[in-house]
Amino acid sequence: DAGVIQSPRHEVTEMGQEVTLRCKPISGHNSLFWYRQTMMRGLELLIYFNNNVPIDDSGMPEDRFSAKMPNASFSTLKIQPSEPRDSAVYFCASSLGHGRNTIYFGEGSWLTVV
Amino acid sequence: DAKTTQPTSMDCAEGRAANLPCNHSTISGNEYVYWYRQIHSQGPQYIIHGLKNNETNEMASLIITEDRKSSTLILPHATLRDTAVYYCIVRPNNNAGNMLTFGGGTRLMVKP
């Protein structure tokens with residue numbers, strides 16, 4: 001079974017450029033999460049979707065960040081314009097349903113903004 | 001607003017049992033204890049979870065105290081590949097529990 005698939009795995013971009021991170025959740029899962037990990041702040045939840053609808057986006061840092069889930073098998077996290085402080089590992093995760101079903105994580109997208 | 005407290009780091013000899021403690025003194029009745037780990041450069045990986053009974057699976061055992069205020073994750077025979085950051089997470093058993101809130105975790109170093 002394919003797990004959560006993220007792309008790109010690594011990206012280096014210049015400050016001010018638009019960055020789009022992509023995620024394909026596990027087939028059949030209807031909850032999707034975007035997390036960000038930095039040395040200073042650890043793993044932080046950015047946004048959570050259920051059935052393609054954003055349920056909690058309180059972790060999205062500011063208007064430069066946006067996330068969409070146009071269908072059950074695809075989500076994007078966009079940063080426009082990017083800044084050096086956005087450098088981090090961005091993880092996508094998915095689970096089946098609400099409640100306490102196991103959440104499975106992708107391998108992450110390593111973003112460096114110079 | 002940390003709900004769990006874990007030691008920052010621990011060492012364990014290869015082949016020995018690794019016992020990772022977690023304090024969750026404010027846990028409420030509908031909250032589960034979850035453990036995830038993160039090996040360097042990888043995404044977090046689910047290990048085990050429990051409510052009040054001890055649990056065991058192919059990866060680990062989870063011992064929860066009777067008052068549920070603390071728990072211990074046991075890796076019975078640690079290998080070098082078990083070197084990772086281990087996260088203890090308290091998670092509600094309702095719709096709000098669909099999210100995981102990570103703390104700092106314990107960095108376990110398994111040494112030859």
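Everything that follows concerns the structure shown earlier in this document.
It should be emphasised that the depicted structure is a prediction, and the values quoted were computed from it without experimental measurement. (Residues numbered from 1 in each chain as written. Chains lettered and ligands numbered in written order. Predicted model: local features only at pLDDT ≥ 70, side-chain atom pairs only at ≥ 80, totals over all residues. Heavy atoms only, no water.)

Draft legend 1. Up close: the environment of L43 of chain A. By the element assignment, L43 of chain A lies in strand β5 (residues 42–50). Take L43 of chain A: its relative accessible area is 6%, and that puts it in the buried class. Sequence-distant contacts of L43 of chain A, that is, excluding residues within four places in its chain, are made with Y35, R36, Q37 and F91 of chain A together with Q38, P44, Y87 and F102 of chain B. (Helix = DSSP H or I, 4+ residues; strand = E, 2+ residues; numbered from the N terminus. Buried < 20%, exposed > 50% of the residue type's maximum accessible area, 1.4 Å probe, protein only. Contact = heavy atoms within 4.5 Å.)

Draft legend 2. Highlighting the interface of chain B and chain A. Opposite the 20 residues of chain B that make contact, chain A presents 22 residues. Together, N98, M99 and F102 of chain B form the three largest contributors to the area buried by chain B at its contact with chain A, with a combined 31%. Seen at the junction of chain B and chain A, the total is zero salt bridges. Inspection of the chain B/chain A interface yields four residue pairs in polar contact (both at pLDDT 80 or more). Mapped by element, the contributors of at least two residues to the side of chain B that touches chain A are β3 (31–38), β4 (45–50) and β8 (84–92) of chain B. Among the elements that line the side of chain B that touches chain A, the one with the most residues is β3 of chain B, at four residues. (Buried area = accessible area lost by both parts, 1.4 Å probe. Salt bridge = Lys/Arg side-chain N within 4 Å of Asp/Glu carboxyl O. Polar contact = N/O pair within 3.5 Å; in protein donor to acceptor, adjacent residues only side chain to side chain.)

Draft legend 3. Fine view of the packing of aromatic side chains. Here the structure, examined in full by the defined rule, presents nine aromatic pairs over all chains. For the ring pair F105 of chain A and Y36 of chain B, a centre distance of 6.0 Å and an interplane angle of 80° mean the geometry is edge-to-face. Of this pair, F105 of chain A sits in strand β10 (residues 104–105) while Y36 of chain B sits in strand β3, placing the two residues on different chains. Note on F105 of chain A: relative accessible area 9%, which makes it buried. For Y36 of chain B, a relative accessible area of 0% puts it in the buried group. Between F105 of chain A and F102 of chain B the ring centres are 5.8 Å apart and the planes differ by 80°, which places this aromatic pair in the edge-to-face class. With F105 of chain A in strand β10 and F102 of chain B in the loop between β8 and β9 (106–111), this residue pair bridges two chains. The buried category is assigned to F102 of chain B, whose relative accessible area is 9%. Within the aromatic cluster, the residues linked to one another by ring pairs are Y35 and F105 of chain A together with Y34, Y36, Y46, Y87 and F102 of chain B. Taking the ring centre of Y34 of chain B as reference, the NZ or CZ of R91 of chain B above it sits at 4.9 Å. (Phe/Tyr/Trp six-rings, centres within 6.5 Å; stacked < 30°, edge-to-face > 60°. Lys NZ or Arg CZ within 6 Å of the ring centre and 35° of its normal.)

Draft legend 4. View of the pattern of salt bridges. All names here are of chain A. This model, assessed by the stated rule, comprises 11 salt bridges over all chains. As a salt-bridge pair, R85 and E62 come within 3.2 Å of each other at their nearest N and O atoms. Residue R85 is found in the loop between β8 (74–79) and β9 (88–95), and its partner E62 is found in the loop between β6 (53–56) and β7 (65–71); the two are separated by 23 residues along the sequence. Given the relative accessible area of 27%, E62 is considered partly exposed. Close ionic contact of E83 with R85 constitutes a salt bridge, the shortest N to O distance being 2.6 Å. Take E83: its relative accessible area is 23%, and that puts it in the partly exposed class.

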